[in-house]
Amino acid sequence: MSTEEKSAAPRSLAEALRVRDDVSLAALLRSRPDLITPVPTDLTQLATRAGTRASVVRALERLDRFALQTAEALAVAPDPASYGELLALMGGDEEDPAVAAALPRAVALLREQALVWGADDRLRLVRTARELLAPSPQHPSPTGLGPSVREATAGMSPGRIQEILGAVGLPSTHDSVSAVSALGALFADRRRMAALLAELPEESREVLARLVWGPPYGQVTHDPAPHLRALLDRGLLLPTAPGTVVLPREVALHLRAGRAHRAPEPVPPPVEAAATHRPQVVDATAAGQALAALATVEELLKEWDEGGPAVLRAGGLSVRDLKRTAVALDVPEPVAAFWVELAYGAGLIASDGEADERYAATPAYDEWRELPPAERWAHLAGTWLTTTRTPGVVGGRDAKDRTLSALGPNLDRSAAPEVRHRVLALLAGLPEGASPVEASVLARLRWERPLRGPQREQRETGTGDARDDDLRSRIARWTLSEAELLGVTGRGALAAPGRALIGAPEAPRPAAETEPRGPGDKLPVHHHRTPPAATAPTPAERAAATATAARLLAPLFPEPLDHVLLQADLTAVAPGPLERELADVLGVLADVESKGGATVYRFTAGSVRRALDAGQSAADLHAFLARHSRTPVPQPLTYLIDDVARRHGRLRVGAASAYVRCDDDATLDEILADKRAAALGLRRLAPTVLAAQADPAALLEGLRAIGFAPAAESAAGDVLIARADSRRTPPRAAPEPVPDGPPAPDDTLLAAAIRAVRAGDLASTTPRKPGPGGGEGDGGSGAPGGSLPRTGAAETLATMQAAVLTGEALWIGYVNAEGAASQRVIAPIRVEGGFVTAYDHTADEVRTYPLHRITGVAELADDAG
């Protein structure tokens, strides 16, 4: 490198950022949004923030596996390292062509994210990343490498180092530094190192083989065996503490044929397709699941229409209430938790906020029910895709070993939306109609976001079973099952509405349709490029995606029916989805007996009484059934309705404590004579009135259990009509997702932030003329460069007025009304009335500043750019 090139090379991360263009800076801030919160004042502050531990850890955790392996290799390489040295560490002596092809992309990614800076001949990993990834006894490197010879011999006596030189056949030196350098050079020389190892006994080479891939530390006694002594004498094992030895990095790299990792993974694993189906079959299956999902949510809300289960003191559903909900929906408890959480996330249920707090439907539920079926599904699916609530963790334990309950706190997992979207995107990359092999999806996700901690060390070193029990893998598995439940996928393959939901382009149809393959038939493997850094869609983009999904799903839904088939056994069969009005009335008049392609409803005395309680008369029910039945109304059903209606309301229950009144005193005599009514504490107040010790609700239920059909009445004596939708919470907002760190900035914010950072950098780095009290940049006050200039009021005013005449730019210090100090470069235009109007290069606009808030002023050097 020439002298000019060396002088032009960046000497720090701040200088490396300073030579970037706006597009490159925007890419950095988009991939690491924490750097822009708040907007840094200049590029030096941006570089400092990019090197903080929290920011670097976050950036490292978002690297794909090969980029992370590249960073780990740089952490054990010389600092700085050349691109050739890095390639040798990644590809080894064999120079893996796949590694050589993928390494430029990995280095470019590390550069873009400001984790690596410098030219190709002087690559530097930021100091914090090196500290995190470099090997140490407390934190072993994921590469399995140990310390270098220089690091391992730091506390060794000079005499012992000279003894090792003699044992390996090197001449002694006059100082330890040159001795360590000579030993390191020997270990890095392939030919001489091979000769040195050939002299060792087989047992010694077996010891090295056990340590070569890590961990590199071992234990020895105070009197080692001869084969261990041979290694210690030659420095192939170096002591780090009493009884502990380590394999030097240079020795391990020789034994590994120069590779830093046992298995570099430059190419992402492909997502394999297990089976394929015709797209029409997939879409039809998904539409059926979507219709079942809507029915399940409506059934859940119907269960909770008059007030759902109580809210636990700590929030959420009790285990008993979740079991009851699962029984009511006829699904397993984890699936019931999914539906409950989905309805909650969509804003359809919430707590009522009363003293005896219970869950109930919200007013938004009534609005949702009025939407077309496809739009209702799109609302649920869009909620599922973006919510951070994760029902899969229900039943687990939190950090305080408390059970996680459905609808309770601590169910948010900020990674859930990203994982769900990525899983669906991987499915969208398969041929249309193809379902994936689950293991290949999990492997791909682990490559894109490697694990950190013990599980990752097990995988790197080849020890342990490295089971897929990390959170991202579990969310991915839940995503595959939940997408099928919701109808986003059909038969495991992504359906057309699901593809639209994530904004994926429509998959190309093959030239010729093929017969569906069996589940055991493997499809060709499809490789994918690493996805670019995805930006979160805007609310408008999400709304457009859900609208498109609803539009694609609508034709797949069957037309709602306006009729049912009444049977002589007091049942009605709905051969498909029913119109809203018919479904609502029938849901009150009859009980659902079975669901599926056709829903079977059963009429009972209790269900008919429920319809009468809701304000219907016997004549209304007869007319309704005759109007909506394609078969004649069976005589048993007519008798059932007439019989219940004849007895309904003869008894009236109101509030005293409670009372029963009836025009037929014989009926009251019958109640008093019934032993089953003893618990109600009834006594006669008048020939047609009984008083009770029970409350009205308990009295109603008690009399109905005996076999009567009482009706509740108001204080005015009118029959109370109990509608199914009478219980609603006050208006409630749906729970907001918990973001995974700062939100990704949009283009407008990025442009403004970059403009502000560059202007601030101009203000802090522009050369100033030397002032009378000191050197350049002191602003005439002797202040060190980079601090705010300090000048008196008279000098500030005179300098401003002179700059107005000459048109020169000035450097000022300014304190705003909140007391925040900043430095700016301005070009004064006008000075009057205690204010200066100037073009502010920092804000890129004309502004007016009070002179009393300007701490000082300094002229810029003549050659300032």
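The model shown is predicted, which means the values in this text are computed figures rather than measured ones. (Residues numbered from 1 in each chain as written. Predicted model: local features only at pLDDT ≥ 70, side-chain atom pairs only at ≥ 80, totals over all residues. Heavy atoms only, no water.)

1. A short note on the packing of helix 28 (residues 580-589) against helix 30 (residues 618-628)
To characterise two packed helices, one gives the angle between the axes of the helices and the distance between these axes.
So, point 1. Where helix 28 meets helix 30, the closest approach of the two axes is 12 Å, and the angle between their N-to-C directions is 125°. Accordingly, the angle class assigned to the pair helix 28 and helix 30 is oblique. In the packing of helix 28 onto helix 30, the handedness of the crossing is left-handed. Residue-level inspection shows Leu582, Val585, Leu586 and Leu589 of helix 28 in contact with helix 30, the latter providing Leu621, Phe624, Leu625 and His628.
So, point 2. In the contact of helix 28 with helix 30, the residues fall into seven nonpolar, one polar and no charged. (Axes fitted to C-alpha atoms, helices over the stretch in contact; angles between N-to-C directions. Helix = DSSP H or I, 4+ residues; strand = E, 2+ residues; numbered from the N terminus. Parallel < 35°, antiparallel > 145°, perpendicular 65-115°, else oblique. Left-handed = near helix turned anticlockwise from the far one by under 90°. Contact = heavy atoms within 4.5 Å. Nonpolar A, V, L, I, M, F, W, Y, C, P; charged D, E, K, R; others polar.)

2. Some points on the sheet that holds strand 25 (residues 854-859)
So, point 1. Taken together, five strands build an open sheet; the order of strands is 24-23-22-21-25 and the sheet is antiparallel. Edge positions in the sheet fall to strand 24 (845-850) and strand 25, since each of these pairs with one other strand and no more. Neighbour-to-neighbour, the strand axes of the sheet open up by a mean angle of 45°, direction not taken into account.
So, point 2. Pairing of strand 21 (residues 810-815) with strand 25, which is carried by five bridges, proceeds in the antiparallel orientation. Looking across to strand 25, one finds that Trp811 is bridged to Ala858.
So, point 3. Across the sheet, helix 35 (residues 793-806) touches strand 21, strand 22 (821-832), strand 23 (835-840) and strand 25, and the angle it forms with strand 22 is around 60°. (Pairing = 2+ DSSP bridges.)

3. So, the side chain of Thr837
So, point 1. By secondary structure assignment, the location of Thr837 is in strand 23.
So, point 2. Among the polar contacts made by the side chain of Thr837, one reaches the side chain of Thr848 at a distance of 3.3 Å.
So, point 3. Filtering out sequence-adjacent residues up to four positions away, Thr837 remains in contact with Pro828, Ile829, Arg830, Val846, Arg847 and Thr848. (Polar contact = N/O pair within 3.5 Å; in protein donor to acceptor, adjacent residues only side chain to side chain.)

4. Focus on helix 23 (residues 438-448)
So, point 1. Across the eleven residues of helix 23, eight count as buried, placing the element largely inside the fold.
So, point 2. Where helix 23 is concerned, the buried positions are Ser440, Val441, Leu442, Arg444, Leu445, Arg446, Trp447 and Glu448.
So, point 3. Those residues of helix 23 that are buried lie in contact with helix 6 (65-76), helix 8 (97-112), helix 22 (416-428), strand 9 (434-436) and helix 25 (471-486). (Buried < 20%, exposed > 50% of the residue type's maximum accessible area, 1.4 Å probe, protein only.)

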